[in-house]
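In case you want the letters, here they are:
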Amino acid sequence: DDWLALKPQEPSPSQCCGSGCKPCIYDVYEKELAQWERAKAKQDKSLLVKKKGQSNNSELNPDTFTAFNISSVEQLTEDTYQYKFELPGNSSLRLSLGQHIVLRGMVNGLEVQRAYTPISPGNAEGYFEVLMKHGELLMLASGTGLTPMLPILHSITDDEEDETFVTLVGCFRTFDKIYLKPLLQDLARYWNIRIFYVLSQETSLEKLPWSYQQNTYTGRLSEDLMKTIVNSCRRKPFVLICGSSAFSEDMGRYLKAAGIEENSCFVF
């Protein structure tokens, strides 16, 4: 059991940026798996300790990931941010012209990696900077109002360069009335997609599968719950609404109370 706990976890498809990175996250996994197998065969856990390799005063190692601290984040436009990372001492990345780096981190509980070309000079000492663009969508769907949301979700997940964060709130009467459960569960595995369920006629979450209990609310989508969901977004989202006219009117009222203006909403 101890060795199984130390075994590297195989990446999911959503973790690969598809840019032909060297090493790819799958290359790193294969190397770590081989290292684990050698250590297990010899029953020597010290063989799992990674040694940091450096050359030419560069803080990058092509065979593994290195942790860096973020020293500052500057918002340049509504959805574009400049991240500044610290490098130890006066070291530098020393990248060649056109080279990119791969950043890896945790988003919504999923490990994600993406390729970026630093905007700082290749010989900049003590830091490097990258630009990241993040949009945010909040989808509010009641019953079959889920239908027009799906093509938008697919267009985001099918585009490897689209880093839009999406929060989908599906409102249904009961758990059995949730449409397309397998599809929604697959979409929720993407690093930038969150899905919540609001079940108006369910009184308890205990009978629901455990995988649904943490992201499901009972009762109706209220003003207080709307504020909670909006505040959980990384920035003020653009909102898409689809449902009955009464549902749309209620959502408009709740969103206004949560600080979302009418020009930041679209009603199908």
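Just so it is clear, the structure is predicted and the values come from calculations on it, not from any experiment.

A. Looking closely at the sheet that holds strand S2 (residues 80–86). Spatial ordering of the open sheet is given by S1-S2-S5, a layout of three strands whose pairing is antiparallel. The two strands at the open ends of the sheet, each matched to only one other strand, are strand S1 (70–75) and strand S5 (127–133). Put simply, the sheet's adjacent strands are angled 20° from each other on average, direction ignored.

B. Inspection of the sheet that holds strand S10 (residues 238–242) at higher detail. Pairing is parallel across the open sheet formed by six strands, whose spatial order is S9-S8-S7-S6-S10-S11. The open sheet has two edge strands with one neighbour each: strand S9 (216–218) and strand S11 (265–267). If you compare each strand with its neighbour and ignore which way they point, the axes differ by 15° on average. Alignment of S10 against S11, held across three bridges, turns out to be parallel. Paired with Leu 240 across the bridge in S11 is Phe 266. The strands touched by helix H3 (residues 149–157) are strand S6 (136–142), strand S7 (165–172), strand S8 (193–199) and S10; relative to S6, the strand with the most contacts, the crossing angle is about 150°.

C. Fine view of the pairing of S6. Among the seven residues of S6, six are classified as buried, and the element is accordingly described as predominantly covered. In the sheet, S6 pairs with S7 via seven bridges, with the strands oriented parallel. Following the sheet pairing, Leu 140 is matched in S7 by Val 169. Following the chain from S6 across H3 to the adjacent parallel S7, one finds a crossover that is right-handed. Taken together, the five bridges between S6 and S10 define a ladder with parallel strand orientation. Each bridged residue has a counterpart across the sheet, and for Met 139 the counterpart in S10 is Leu 240.

So, how was this worked out
Residues numbered from 1 in each chain as written. Predicted model: local features only at pLDDT ≥ 70, side-chain atom pairs only at ≥ 80, totals over all residues. Heavy atoms only, no water. Pairing = 2+ DSSP bridges. Helix = DSSP H or I, 4+ residues; strand = E, 2+ residues; numbered from the N terminus. Axes fitted to C-alpha atoms, helices over the stretch in contact; angles between N-to-C directions. Contact = heavy atoms within 4.5 Å. Buried < 20%, exposed > 50% of the residue type's maximum accessible area, 1.4 Å probe, protein only. Right-handed = clockwise from strand over helix to strand, strands pointing away.

In short, shape yes, function no, at least from these values alone.
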